[in-house]
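So the chains spell out like this:
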Amino acid sequence: MNYIGSKLKLSSWIEEEVKKVVGNDLSQKVFCDMFAGTGIIGRTFKKDVKQVISNDLEHYSLVLNKNYIQNHEAIADKEKYIQELNNLPLIENGFIYQNYCIGSGSERQYFSDENGKKIDTIRTKIKEWKQSDKINDSLYYFLLASLVESADKVANTASVYSAFLKDIKKSASKALVLEAAPFIEDDSLHLVFNKDSNELIKEISGDILYLDPPYNQRQYSAYYHLLNTITQYDEFTPKGKTGLRKYNRSDYSKKQKVCNSFEDLIKNAKFEYIFLSYNNEGLMSEYEVKNIMQKYGKYSLVQKEYQRFKVDKTQNRNHKANKTFESLHILVKDNF
Ligand SMILES: C[S@@+](CC[C@H](N)C(=O)[O-])C[C@H]1O[C@@H](n2cnc3c(N)ncnc32)[C@H](O)[C@@H]1O
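Residues numbered from 1 in each chain as written. Predicted model: local features only at pLDDT ≥ 70, side-chain atom pairs only at ≥ 80, totals over all residues.

Draft legend 1. A look at the domain arrangement of the protein chain. Domain parsing of the protein chain yields domain 1 (1-72 + 188-214 + 256-297 + 327-336) and domain 2 (75-182 + 217-249). Measuring from the centre of the C-alpha atoms in domain 1 to the corresponding centre in domain 2 gives 28 Å. Facing 14 residues of domain 1, the contacting portion of domain 2 comprises 21 residues. Here the side of domain 1 that touches domain 2 is composed, by residue class, of 8 nonpolar, 4 polar and 2 charged. (Domains from an automatic or database assignment. Contact = placed C-beta atoms within 7 Å. Nonpolar A, V, L, I, M, F, W, Y, C, P; charged D, E, K, R; others polar.)

Pasting the structure below:
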């Protein structure tokens, strides 16, 4: 998934830096990915550690991580379910088609009419199977995560759901095909939460805490509202031109709140090693981050320069932006 702040391209670098500090053998360690998003960092460490704890405020992220992180045992016949869902006759008047496709008269065009109907068809069947206990939790989250990933591929947006495009772009005109979202199989039990980080931190403990909070004012909940609507599939009255639902507002995206929230998180963390990914253009300055972290133990910083891509809305494609630094702030905590 093309996700704002995704660490897909930085995951090997982060893994290397964590191992430099904690050691190469992480097999007895509990690793927490506190702002998990797409789950890529949890997935990177899932193969190395004893347990991954994954968390994010957003429901679509819960769904992705229930599949990618918590699912760990083979699911029998999973391809058969995917095939069945792909071949259902389309339902006409589902929530997505009614509210987010142009053919229904909604005046919104987040998906082509056919793809909107297909999302409704698949989502309705998954709900039916879950309610009648035909599928268990593992299969439920596997199928839902597969739907989120497949629907996102054909979304008619420049990249996020804060606006749709006037004309259907090429990738959005392709027919949605439900594709399996594969997860790593292993013998470990992993945990996935959907809570505010500052609440969860009081309830858990472990060895390595990885933090990747939002670094600017963009609220993920508004930017990815349609994914929450697909995963929650509840009835509500979509608001305004973009069909927004009620959304979460993270304190990490508020200039007046971010430093206090961050310090509270660090203070309450019962983890020896804390790693924070933060952009050099973030709401907290490097100086503020350092000042907070060094109060609680031994602090250090590593940085990596990388090329950023920006969405060009007028041309509906990505272009190269300035070089930027991704920082990994490291704290080995004194009392935890
Ligand atoms: C920079 S993104 C994380 C990206 C992720 N590491 C990845 O590679 O996909 C920040 C994430 O923090 C989540 N978030 C924002 N505020 C939060 C909070 N207070 N508690 C938990 N998660 C939060 C957002 O929903 C978003 O997914």
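Draft legend 2. Up close: the site of the ligand. By nearness alone, 23 residues border the ligand, and Gly5, Phe35, Gly37, Thr38 and Ser250 come closest of all. The class makeup of the residues in the shell around the ligand is 10 nonpolar, 8 polar and 5 charged. (Near = placed C-beta within 6 Å.)

Draft legend 3. Summary view of helix 11 (residues 225-232). For helix 11, the tally of buried residues reaches 7 of 8 residues, placing the bulk of the element in the interior. Here helix 11 has its buried residues at His225, Leu226, Leu227, Asn228, Thr229, Ile230 and Thr231. Contacts made by the buried residues of helix 11 are with helix 3 (59-70), helix 5 (95-100), helix 6 (113-131), helix 7 (137-153) and helix 10 (220-223). Directly after helix 11, the chain includes tyrosine 233, whose backbone phi takes a positive value near 45°. (Buried ≥ 20, exposed ≤ 12 C-beta atoms within 10 Å, placed from the backbone. Helix = DSSP H or I, 4+ residues; strand = E, 2+ residues; numbered from the N terminus.)

Draft legend 4. Focus on the pairing of strand 4 (residues 208-211). The alternating pattern of strand 4 places Ile208 and Tyr210 on one face and Leu209 and Leu211 on the opposite face, and all of these are buried. Relative to strand 4, strand 1 (residues 30-33) runs parallel, the two being bridged by 3 bridges. Paired with cysteine 32 across the strands is leucine 209, a residue of strand 4. Direction of pairing for strand 4 relative to strand 5 (residues 273-279): parallel, over a ladder of 4 bridges. Bridge pairing in strand 5 links leucine 211 to leucine 276. (Pairing = 2+ DSSP bridges.)

Draft legend 5. Inspection of the nonpolar core at higher detail. In terms of nonpolar packing, the biggest core is built from 82 residues, with Phe111, Ala145, Val148, Leu209, Tyr210, Ile274 and Phe275 touching the most fellow members. Three or more residues apiece are contributed to this core by two domains, here domain 1 (1-72 + 188-214 + 256-297 + 327-336) and domain 2 (75-182 + 217-249). Contact partners of phenylalanine 111, with chain neighbours within four places excluded, come to Ile96, Tyr100, Cys101, Gly116, Ile119, Val154, Ala155, Asn156 and Ala172. (Core = buried A, V, L, I, M, F, W, Y, C linked by C-beta atoms within 7 Å.)

Draft legend 6. Up close: the environment of histidine 59. Position of histidine 59 relative to the elements: it lies in helix 3. A residue is classified by how many C-beta atoms lie within 10 Å of it, and histidine 59, with 18 of them, is partly exposed. For the pair histidine 59 and asparagine 228, spaced 169 residues apart in sequence, the C-alpha separation works out to 5.7 Å. Sequence-distant contacts of histidine 59, defined by excluding residues within four places in its chain, comprise Asn194, Asn228, Thr231 and Gln232.

Draft legend 7. The arrangement of unusual backbone geometry in detail. A positive phi angle, near 60°, is found at aspartate 77, a position not held by glycine. Secondary-structure assignment places aspartate 77 in the loop between helix 3 and helix 4 (78-86). Backbone geometry at glutamate 107 places phi at a positive 65°, although glycine is not the residue there. With respect to the helices and strands, glutamate 107 occurs in the loop between helix 5 and helix 6.

Draft legend 8. Quick peek at the pairing of strand 1. Across 4 bridges, the pairing between strand 1 and strand 2 (residues 51-55) is parallel. Looking at strand 2, one finds that valine 30 is bridged to glutamine 51.

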